[in-house]
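Spelled out, the chains give:
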Amino acid sequence: MKIPLLDLSAQHGPLHNDMIKALDQVLRSQTFILGPEVEKFEGAISAYCKIPYAIGVSSGTDALLVALMALDVGSGEEIITSPYSFFATAGAIARLNAKPVFVDIDPVTYNLDPGKLTKAITSKTKAIVPIHLFGQCADMSPILDLGKRRNIAVVEDAAQAIGAEYDGGQRAGTMGQLGCFSFFPSKNLGALGDGGMVITRDAALAEKVRAMRVHGAKRKYYHTWVGGNFR
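Here's what I pulled together on the structure shown here. What you see is a predicted model, and the numbers here were worked out from it, not measured in a lab.

## Looking at the overall build of the protein
Tallying secondary structure elements over the protein gives seven helices and eleven strands in all. Relative to the 2.2 N^0.38 estimate, which gives 17 Å for 231 residues, the radius of gyration of the protein is 18 Å and therefore close to what a compact globule would have. Oriented by its inertia axes, the alpha-carbon framework of the protein measures out at about 55 × 55 × 30 Å. Buried positions account for 45% of the 231 residues belonging to the protein. Of the roughly 12,500 Å² that the protein leaves accessible, carbon and sulfur atoms contribute 55%. Of note, the protein has its 24 positive side-chain charges centred 5 Å away from the centre of its 22 negative side-chain charges.

Structure (structure tokens):
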């Protein structure tokens, strides 16, 4: 018997009528960019993750990119991350002309080994990007402690881990300065196409990410930063 790795038809079958109604509602409203449906989804993610700010973006890749842009990551700076991830993690770093610095994984959890972090830190280290895989969070306590002591931001790549919990109920993506999700159709919460989300507790970072997704504009045609089209 040939069993597919992923069978979206089995997942979507029971939801078909509800999805058609939702799509019809968007078609009737003619609101195809951002709008009330995106705001409702942001509110649902915010409530589910128990975090005040959630900003919907175009993909998980763009979630990582805009999160790093919001931290002003620039040319020559170093971002420590795990080599055991999809290309987008290191790719987002490289797109900002920063340097990915790889720290090996724990062979039991497959997540970044925090015991190897200290040796990787230099004067150029701007952020640490741990990745949560296979339904379990990276060991965040020592990562967050090191980041706090060395004034290094932590950006969680939670693309495959929405709903995963750490240390008594902290949801994946809520522990660092910023958390990034992907809603690629094969993820544990998949969209009908690409989609992503950035979450944070920091009001200033949330405001910046929200502006960055529309070319850095807080209001139309007034651009505070050089952002992107991450809607």
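Additional details are given in the paragraphs that follow.
## Details of the sheet that holds strand β4 (residues 125-129)
Here we have seven strands laid out as an open sheet, ordered β1-β9-β8-β5-β4-β2-β3, and mixed in their pairing. Two strands bound the open sheet, and with one partner strand each, they are β1 (53-57) and β3 (99-102). Averaged over all pairs of adjacent strands, the angle between strand axes in this sheet comes to 25°, irrespective of strand direction. The strands touched by helix α4 (residues 60-70) are β1, β4, β5 (153-157), β8 (178-182) and β9 (196-200); relative to β8, the strand with the most contacts, the crossing angle is about 165°. The strands touched by helix α5 (residues 87-95) within the sheet are β2 (78-81), β3, β4 and β5, with β3 carrying the most contacts at an inclination of about 140°.

## Focus: the pairing of β5
Counting buried positions over the five residues of β5 gives five, a clear majority of the element. Alternating positions in β5 separate into two faces, Ala-153, Val-155 and Asp-157 on one and Val-154 and Glu-156 on the other, with burial throughout. Of the pairings in the sheet, the one linking β4 to β5 comprises two bridges and is parallel in character. Within β5, the position partnered with Ala-127 by the bridge is Ala-153. Note: β5 against β8, three bridges, orientation parallel. For Val-155, the partnering residue across the bridge sits in β8 and is Leu-178.

## Let's talk about a nonpolar patch on the surface
On the surface, a cluster of nonpolar side chains totalling about 290 Å² of accessible area is made up of Ile-20, Leu-23 and Leu-192. In this fold, Ile-20 is placed in helix α2 (residues 16-29).

## Some words on the pairing of β8
Most of β8 sits out of view: five of its five residues are buried. Across the two faces of β8 the burial is the same, with Leu-178, Cys-180 and Ser-182 and Gly-179 and Phe-181 all buried. Inspection of the sheet shows β8 paired to β9 by four bridges, in the antiparallel sense. If you follow Phe-181 over to β9, its bridge partner there is Met-197.

## Quick look at the pattern of salt bridges
All told, the structure shown has nine salt bridges when counted by the stated rule. Linking Lys-40 and Glu-37 is a salt bridge whose minimum nitrogen-to-oxygen distance equals 3.4 Å. A residue pair is termed a helical-turn pair when its members lie 3 or 4 positions apart in one helix, as Lys-40 and Glu-37 do in helix α3 (residues 36-49) at three residues. In this structure, Lys-208 engages Asp-72 in a salt bridge whose closest nitrogen and oxygen atoms are separated by 2.8 Å. Here Asp-72 lies in the loop between α4 and β2 and Lys-208 lies in helix α7 (residues 203-212), a separation of 136 residues in the sequence. The network of salt bridges with common partners includes Glu-42, Arg-210 and Arg-213.

## Focus: the nonpolar core
Ranked by internal contacts, the top residues of the largest apolar core, which has 30 residues, are Ile-45, Ile-80, Leu-117, Ile-143, Phe-181 and Ile-199. Looking at this core, the elements that each hand over two or more residues are α3, α6 (140-150) and β9. Those residues in contact with Ile-199 that sit more than four places away from it in its chain are Ile-45, Cys-49, Ile-51, Tyr-53, Ala-54, Ala-172, Gly-173, Thr-174, Gln-177, Leu-178, Gly-179 and Phe-181. With 29 residues, the next largest nonpolar core counts Leu-71, Leu-96, Ala-98 and Val-198 among its residues.

## Side note on α3
Helix length check: α3, at 14 residues, gives a terminal C-alpha distance of 20 Å against a target of 20 Å (1.5 Å per residue), a fit within 8%. Among all positions of α3, only Glu-42, Ile-45, Ser-46 and Cys-49 are buried. Axial view of α3: buried residues confined to an arc of 100°, hence all on one face. Opposite the packed face of α3, turned more than 90 degrees from it, sit the exposed residues Lys-40 and Ala-47. The secondary structure elements touched by the buried residues of α3 are β1, β7 (170-171), β8, β9 and α7.

Reading guide: rules and limits
Residues numbered from 1 in each chain as written. Predicted model: local features only at pLDDT ≥ 70, side-chain atom pairs only at ≥ 80, totals over all residues. Heavy atoms only, no water. Helix = DSSP H or I, 4+ residues; strand = E, 2+ residues; numbered from the N terminus. Rg over C-alpha atoms; globule rule 2.2 N^0.38 Å. Buried < 20%, exposed > 50% of the residue type's maximum accessible area, 1.4 Å probe, protein only. Areas by Shrake-Rupley, 256 points an atom, 1.4 Å probe, with all protein chains shown as cover. Lys, Arg positive; Asp, Glu negative; His and termini not counted. Charge placed at Lys NZ, Arg CZ, Asp CG, Glu CD. Pairing = 2+ DSSP bridges. Axes fitted to C-alpha atoms, helices over the stretch in contact; angles between N-to-C directions. Contact = heavy atoms within 4.5 Å. Patch = residues over 30% accessible without salt bridge, like charges linked within 9 Å, V, L, I, M, F, W, Y side chains within 5 Å. Salt bridge = Lys/Arg side-chain N within 4 Å of Asp/Glu carboxyl O. Core = buried A, V, L, I, M, F, W, Y, C linked by side-chain atoms within 4.5 Å. Expected span 1.5 Å × (residues − 1). Arc of directions from axis to C-beta.

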